[in-house]
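What the coordinates show
Residue strings, one per chain:
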Amino acid sequence: MAASNESIRKLARHNDDFRREVATGAHSQVVLMCLKPGEGIGEEVHDDTDQIFIVVKGGGEAVLDGAVRALDKGALLLVPAGMRHDIRNTGDKRLRLVTIYSPPHHAPGTVHATREEAMRAEGEDHA
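Going by what an unreviewed UniProt entry lists, the chain is known as Cupin domain-containing protein and is assigned to Luteimonas lutimaris.

Printed below as a string of structure tokens:
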């Protein structure tokens, strides 16, 4: 989807895909994420990409270089390039996030319905 005037909160609240790219520019990208109860993104490091997470609905935790931090609705979390991180849904409802990558990290139009699909597409096995 190209840049639009749609409510990002509304888009995120209605997204059930693990990962869905919604806007990509030359220097940044907006991606929606939805984690099922008990699900995590899987520990990862982006060597050259800053990542910002905004919790739209639900709750969970962030693990940043081994340190655990609670994430509640409305939380904003900056993960600088090079930091090992994981986001986990510790609640009993879906955790809905807006993620901003700078620079872009996924191909425009990327949609991964499940975490497993995302891991296959990236050639990684985080299961």
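What follows is about the pattern of salt bridges. All told, the structure shown has 6 salt bridges when counted by the stated rule. Between Asp16 and Arg96 there is a salt bridge; the shortest N-O distance is 2.4 Å. Of this pair, Asp16 sits in the loop between helix H1 (8–13) and strand S1 (19–24) while Arg96 is found in strand S8 (residues 95–102), placing the two residues 80 residues apart along the sequence. Overall, the relative accessible area of 44% leaves Asp16 in the partly exposed class. Here Arg96 falls in the buried class, since its relative accessible area comes to 10%. For Arg88, the salt bridge identified is with Asp86, shortest N-O distance 3.2 Å. Within this structure, Glu61, Asp86 and Arg88 form a network of salt bridges that share partners.

With that out of the way, let us pick up the pairing of strand S2 (residues 29–35). Where burial is concerned, most of S2 is hidden: 6 out of the 7 residues are buried. Hairpin geometry of S1 and S2 is characterised by an intervening segment of 4 residues between the two adjacent antiparallel strands. Pairing of S2 with S8 involves 7 bridges; the strand directions are antiparallel. Across the sheet, residue Met33 finds its bridge partner in S8, namely Leu97.

Here the focus is the nonpolar core. Phe53, Leu77, Ile87 and Leu97 are the most contacted members of the largest nonpolar core, which has 20 residues in total. Contributing elements (two or more residues each) for this core: S2, strand S3 (50–57), strand S4 (60–64), strand S6 (76–79), S8 and helix H2 (115–122). If near-sequence neighbours (up to four positions away) are discounted, Phe53 is found in contact with Met33, Ile41, Ala75, Leu76, Leu77, Val79, His85, Ile87, Leu97, Val98 and Thr99. Residues Ala12, Leu32, Val56 and Val98 belong to the second largest nonpolar core, which totals 5 residues.

Attention shifts here to the side chain of His46. By secondary structure assignment, the location of His46 is in the loop between S2 and S3. Relative accessible area serves as the criterion here: at 7%, His46 is assigned to the buried category. One polar contact links His46 to His105, side chain to side chain, over a distance of 3.4 Å. Not counting the four nearest positions on each side in its chain, His46 is found in contact with Gln51, Ala81, Gly82, His85, Tyr101 and His105.

How each quantity is defined
Residues numbered from 1 in each chain as written. Predicted model: local features only at pLDDT ≥ 70, side-chain atom pairs only at ≥ 80, totals over all residues. Heavy atoms only, no water. Salt bridge = Lys/Arg side-chain N within 4 Å of Asp/Glu carboxyl O. Helix = DSSP H or I, 4+ residues; strand = E, 2+ residues; numbered from the N terminus. Buried < 20%, exposed > 50% of the residue type's maximum accessible area, 1.4 Å probe, protein only. Pairing = 2+ DSSP bridges. Core = buried A, V, L, I, M, F, W, Y, C linked by side-chain atoms within 4.5 Å. Contact = heavy atoms within 4.5 Å. Polar contact = N/O pair within 3.5 Å; in protein donor to acceptor, adjacent residues only side chain to side chain.

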